[in-house]
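Here is what each chain is made of, one letter per residue.
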Amino acid sequence: VAVESEGVVLTYAQLLTRAEQLAAALHARGVLPGQAVAIGLERGIDMLASVLAVLRLGAHYLPLDPGHPSARLAFILADSGAGLLIATSALAESLADFRGAVLDPADVDTAQVLDPLPAVAAPSADRLAYLIYTSGSTGQPKGVAVPELAVLNFLHSMAHRPGLAADDRLLAVTTLAFDIAVLELLLLTVGACTVIATRAELVDPRRLMIRLADARISVMQATPALWRNLVMAGWPGQPTLRMLCGGEALDAELAAALLKRGAELWNLYGP
């Protein structure tokens, strides 16, 4: 199993097929290597498949969180020069100034026969994997360009230490628009399973506790704020859970509380 989300389970073969279907739809709309493709989908399997589809074509993805203000999303789309947006029609309608093409994954037939796609070039330090925008806390958001080899270096490094393997089940809790989500979604490189938490679970620590236990999660990465919410909600912990913490400063009091609740705690600092 590669991914689980809201009761839907896909094997690696099934996820690859879905990514190839979306890649074919993007290719038919003129997406070429080196182009930016925006992804503004709610959390779920098609969000992950869309990331893989964009990378499959040698293009780079521009992550958008549908929960962010439409003015911010419109600015990022305009500033990035993205010519295509993968999103539902509802989100596209809220971005009326976007003049590019829109692809709704719901319109891509899961049973379609695929035409051969162009061959993929070897990963490169010159070709981007994604273009991500900062919070904009000191002014307008700024785009940060991350090349493919940097992403591969990060994933291989994390697989080595703290160590991630094919028998791991990781709960993905980070918005696609924050780049620590890269580890959660592309841990597929080691054959692990990614379980994508819903937006509703992320805002209710009691529901998140249930998902952690029921989905037999072995690894979770989160910000100190989310970990603190779990502790304050009475989370008893899971003895075999490896906890990864990053994105903000991790204070000693929270670290001590987490160490009582899991197997390991790693401070990842910032991405």
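Scope of this entry: the structure provided in the associated data block. Since the model is a prediction, treat every value here as computed from it, not as a measurement. (Residues numbered from 1 in each chain as written. Predicted model: local features only at pLDDT ≥ 70, side-chain atom pairs only at ≥ 80, totals over all residues. Heavy atoms only, no water.)

**Considering the overall build of the protein chain**
Next, step 1: Tallying secondary structure elements over the protein chain gives ten helices and 13 strands in all.
Next, step 2: Compactness check: the protein chain gives a C-alpha radius of gyration of 18 Å against a globular reference of 18 Å for 271 residues, within 12% of the reference.
Next, step 3: Taking the principal axes of its C-alpha atoms as reference, the protein chain extends roughly 55 × 45 × 35 Å.
Next, step 4: A buried classification covers 51% of the 271 residues belonging to the protein chain.
Next, step 5: A total of about 12,500 Å² of accessible surface is found on the protein chain, and carbon and sulfur atoms cover 57% of it. (Helix = DSSP H or I, 4+ residues; strand = E, 2+ residues; numbered from the N terminus. Rg over C-alpha atoms; globule rule 2.2 N^0.38 Å. Buried < 20%, exposed > 50% of the residue type's maximum accessible area, 1.4 Å probe, protein only. Areas by Shrake-Rupley, 256 points an atom, 1.4 Å probe, with all protein chains shown as cover.)

**As for unusual backbone geometry**
Next, step 1: Geometrically, the link from Arg161 to Pro162 is a cis peptide bond, its omega value of 15° lying close to zero.
Next, step 2: In this fold, Pro162 is placed in helix 5 (residues 148-163).
Next, step 3: Positive phi values are uncommon outside glycine, yet Glu6 reaches one of about 50°.
Next, step 4: Relative to the assigned elements, Glu6 resides in the loop between strand 1 (3-5) and strand 2 (8-10).

**With respect to the pattern of salt bridges**
Next, step 1: Tallied over the full model, the rule gives ten salt bridges.
Next, step 2: The salt bridge partner of Arg18 is Asp46, with a shortest N-O separation of 2.9 Å. In this pair, Arg18 is assigned in helix 1 (residues 12-28) and Asp46 in helix 2 (residues 45-56), connecting sequence segments 28 residues apart.
Next, step 3: Look at Asp46 and you get partly exposed, because its relative accessible area is 25%.
Next, step 4: Across the pair Arg211 and Glu201 runs a salt bridge, and its minimum N-O distance is 3.2 Å. Here Glu201 lies in helix 7 (residues 199-202) and Arg211 lies in helix 8 (residues 205-214), a separation of ten residues in the sequence. (Salt bridge = Lys/Arg side-chain N within 4 Å of Asp/Glu carboxyl O.)

**Concerning the pairing of strand 10 (residues 193-196)**
Next, step 1: Of the two faces of strand 10, the one carrying Cys193 and Val195 and the one carrying Thr194 and Ile196 are both buried.
Next, step 2: For strand 1 and strand 10, the ladder comprises two bridges, and the chain directions are parallel. In the strand pairing of strand 10, Val3 is matched with Thr194.
Next, step 3: Where strand 9 (residues 169-172) and strand 10 come together, four bridges link them in parallel fashion. Looking at the pairing, Arg169 lines up with Cys193 of strand 10. (Pairing = 2+ DSSP bridges.)

**Focus on the packing of helix 9 (residues 224-232) against helix 10 (residues 252-259)**
Next, step 1: Taken N-terminus to C-terminus, the directions of helix 9 and helix 10 make an angle of 55°; their axes are 11 Å apart at the nearest point. On the basis of their axis angle, the class for helix 9 and helix 10 is oblique. As for the relative orientation of helix 9 and helix 10, their crossing is left-handed in sense. Of the residues in helix 10, those touching helix 9 at Pro224, Trp227, Arg228 and Val231 are Leu254, Ala257 and Leu258.
Next, step 2: The residue makeup of the contact of helix 9 with helix 10, split by class, is six nonpolar, no polar and one charged. (Axes fitted to C-alpha atoms, helices over the stretch in contact; angles between N-to-C directions. Parallel < 35°, antiparallel > 145°, perpendicular 65-115°, else oblique. Left-handed = near helix turned anticlockwise from the far one by under 90°. Contact = heavy atoms within 4.5 Å. Nonpolar A, V, L, I, M, F, W, Y, C, P; charged D, E, K, R; others polar.)

**Some points on the sheet that holds strand 13 (residues 264-269)**
Next, step 1: Taking strand neighbours across the sheet as the criterion, the seven strands line up as 2-1-10-9-11-12-13 in an open arrangement whose pairing is mixed. In this open sheet, the two strands that pair with only one neighbour each are strand 2 and strand 13. With direction set aside, neighbouring strand axes in the sheet form an average angle of 20°.
Next, step 2: The sheet contact formed by strand 11 (residues 219-222) and strand 12 (residues 242-246) spans four bridges and is parallel. Residue pairing for strand 12: Met220 is matched across the bridge by Met243.

**Section: the environment of Leu244**
Next, step 1: Mapping Leu244 onto the fold places it in strand 12.
Next, step 2: Owing to a relative accessible area of 1%, Leu244 belongs among the buried residues under this scheme.
Next, step 3: Leaving out residues up to four positions away in the same chain, Leu244 has contacts with Met158, Pro162, Leu183, Val219, Met220, Gln221, Ala222, Trp227, Trp266 and Leu268.

**What about the side chain of Glu148?**
Next, step 1: Along the chain, Glu148 falls in helix 5.
Next, step 2: At 3.0 Å, the side chain of Glu148 forms a polar contact with the backbone nitrogen of Ser124. (Polar contact = N/O pair within 3.5 Å; in protein donor to acceptor, adjacent residues only side chain to side chain.)

**Overview of helix 9**
Next, step 1: The complete set of buried residues in helix 9 reads Pro224, Leu226, Trp227, Leu230 and Val231. Buried residues of helix 9 fall within an arc of 165° about the axis and therefore sit on the same side.
Next, step 2: Check the buried side of helix 9 and you find it contacts helix 8, strand 11, strand 12 and helix 10.
Next, step 3: Just beyond helix 9, the residue with positive phi is Gly234, at close to 95°. (Arc of directions from axis to C-beta.)

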